[in-house]
Structures are given as C-alpha cells and as structure tokens.
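# Observations on the three-dimensional arrangement
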Amino acid sequence: MKNDRLLADFFRRDTVLVARELIGKTLTRVFDDGTMRRYVITETEAYCGQSDLACHTSKGRTKRTQVMFEAGGLVYVYLIYGQYWLLNFVTEQEGSGSAVLIRGLKGHDGPGKLGRELKLNKSFYGENLESSTRIWLENANPVNQISEHPRVGIHYAGEPWISKLWLYKAD
DNA sequence: AAGACGATCCTG
DNA sequence: AGGATCGTCTTT
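Below is a short write-up of the structure. (Residues numbered from 1 in each chain as written. Chains lettered and ligands numbered in written order. Predicted model: local features only at pLDDT ≥ 70, side-chain atom pairs only at ≥ 80, totals over all residues. Heavy atoms only, no water.)

With that settled, the discussion passes to the protein's contact with DNA strand C. In the vicinity of DNA strand C, the residues found are Thr62, Arg64, Leu79, Tyr81, Gly82 and Gln83. The sugar-phosphate backbone supplies 68% of the atoms of DNA strand C found within 4 Å of the protein. Within the contact set of DNA strand C, a phosphate oxygen lies 2.2 Å away from a side-chain nitrogen or oxygen of threonine 62. In this structure, glutamine 83 approaches DNA strand C through a side-chain N or O atom, which is 2.8 Å from a base nitrogen. (Near = heavy atom within 4 Å. Polar contact = N/O pair within 3.5 Å; in protein donor to acceptor, adjacent residues only side chain to side chain.)

To continue, consider the layout of surface pockets. Of the pockets and cavities examined, the largest pocket occupies roughly 400 Å³. Along the walls of the largest pocket sit 23 residues, with Tyr78, Ile80, Leu86, Leu101 and Val152 positioned nearest its centre. Counting residues per element, the ones that place at least two in the lining of the largest pocket are strand E2 (36-48), strand E3 (75-80), strand E4 (84-91), strand E5 (98-105) and helix H3 (111-117). Looking at the lining of the largest pocket residue by residue, the classes come out as 16 nonpolar, four polar and three charged. (1 Å grid on protein atoms, 1.4 Å probe; cavity = no way out; pocket = protein on both sides within 12 Å on 5 of 7 lines; lining within 4 Å. Points joined across faces, edges and corners; volume = space filled by probe spheres on them. Helix = DSSP H or I, 4+ residues; strand = E, 2+ residues; numbered from the N terminus. Nonpolar A, V, L, I, M, F, W, Y, C, P; charged D, E, K, R; others polar.)

Moving on, we get to the protein's contact with DNA strand B. Around DNA strand B, the structure places 21 residues, and the nearest of them are His56, Tyr78, Asn88, Gly112 and Tyr156. Counting only atoms of DNA strand B within 4 Å of the protein, the sugar-phosphate share comes to 48%. Within the side chain of tyrosine 78, an N or O atom sits 3.2 Å from a base nitrogen of DNA strand B. At a separation of 2.8 Å, a phosphate oxygen of DNA strand B approaches a polar backbone atom of glycine 112. For the surface near DNA strand B, the secondary structure elements donating two or more residues are E3, E4, E5 and H3.

Moving on: the pattern of salt bridges. This model, assessed by the stated rule, comprises eight salt bridges. Salt-bridge contacts for glutamate 148 lead to arginine 20; the nearest nitrogen and oxygen are separated by 2.8 Å. Here arginine 20 lies in helix H2 (residues 15-22) and glutamate 148 lies in strand E8 (residues 146-149), a separation of 128 residues in the sequence. Among the ionic pairs, arginine 103 bridges to glutamate 45, the shortest N-O distance being 3.6 Å. One end of the pair, arginine 103, is in strand E5; the other, glutamate 45, is in strand E2, with 58 residues separating them in the sequence. Per residue, the accessibility class of arginine 103 equals that of glutamate 45, and both read buried. (Salt bridge = Lys/Arg side-chain N within 4 Å of Asp/Glu carboxyl O. Buried < 20%, exposed > 50% of the residue type's maximum accessible area, 1.4 Å probe, protein only.)

Looking now at unusual backbone geometry. Note that the residue after glutamate 159, namely proline 160, is joined by a cis bond; omega there is 0 degrees. Inspection of the secondary structure puts proline 160 in the loop between E8 and strand E9 (167-170). Its identity is not glycine, yet lysine 119 carries a phi of approximately 55 degrees, on the positive side. Tracing the chain through its elements places lysine 119 in the loop between H3 and strand E7 (135-138).

Note that all results are geometric; they support no functional claim without further evidence.
Written as structure tokens, this is what we have:
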C-alpha cells in the first residue's frame, strides 16, 4: 500500500510507540513552488509529557508549548539557537503535552539540517497533518532493524530521563 | 527593560 | 573548543 496518509489516530497513541513506528515512514513536503518531495524518516525521539523533564511541556503551558497540549496529529516547530527550526509531531490525547522530534531523514541527518532542507518556519506551527497541503506523512514498508539510544542534548533533565532509550534509528 | 539560555551546526 | 544568532522565558 502506498500513498495513504497517516491520520490523527496514528499520532493519538503512546509517544514511544509512535516514535518507533515513524521510522521508515514517508514524509511528504510540497514546497511553495509546487515541487513535491518525499523523504524517509530515519531517526526520531520521544518526548513524553509533563513528567518527562526533558520535554518542553515539563515547564508548563506557554505560548510556545501550547500546541503540544492539543490532541495528536499536529506539527510543533520551534526555533533553536536562533537558527534552526526543529520538526515535531504532537502525540497522544489532548492535555498530554507529548511529541516526537524528527531527528533524521534519509540523506538529511540532523534535526536542524532537515528543518533547513524542508524550509520550515513558524508558519508550520500547529499545521494539521491530516489536512495540510504542504506537509504530511504516508505509510511505507516497515523497517526491520531499529536501534534504541539515549536522547541527545538533554543533560539538564537528569535521571532517569537522560537514560531513557527514547531515540530510535533505522539501521 | 535586560539577561540567560537552548531537543544544533559549522569552523578552526 | 568556541562562536553564530534570536525567540522565549525569567528576572528586575
């Protein structure tokens, strides 16, 4: 099966499960000039709600994190270090405050670099993956070999969060 | 109003 | 190892 878009129900599940299942899925992007490109997701990270001290929502509900408290199936983008737009998908039910960070696409490794490749900006904040005409996800053949690792760049969160194996990678 | 900082990347 | 670069959040 190809060309079937992932619907909101796919995202409204356990964040770790969604992060894992997103590996190998197709990310489709239609650029402003009408060009369509498809990418294979190769690396993801799970951020599991307010109790997860590495998760942005652990600091509470703010203008920046409010979309993460919506029901799954929306885009959460934010600017990091003044230069890179990082791409996340909101997961679980309304109020959960969870999301999956996309860390790598085939040929475009690194969360900042893929944001640049996809020409992301703040207008993608809250984009609906079910109805968007410029970014969505499609089913693809499952990936056999997926490895688990600690998440990157979250030392400040402390234990047990820095030790959780919530980074998933296609091998 | 001002300061600190970051789920990164690039250069030297 | 260190700088770039700026929106968001915290503190005054």
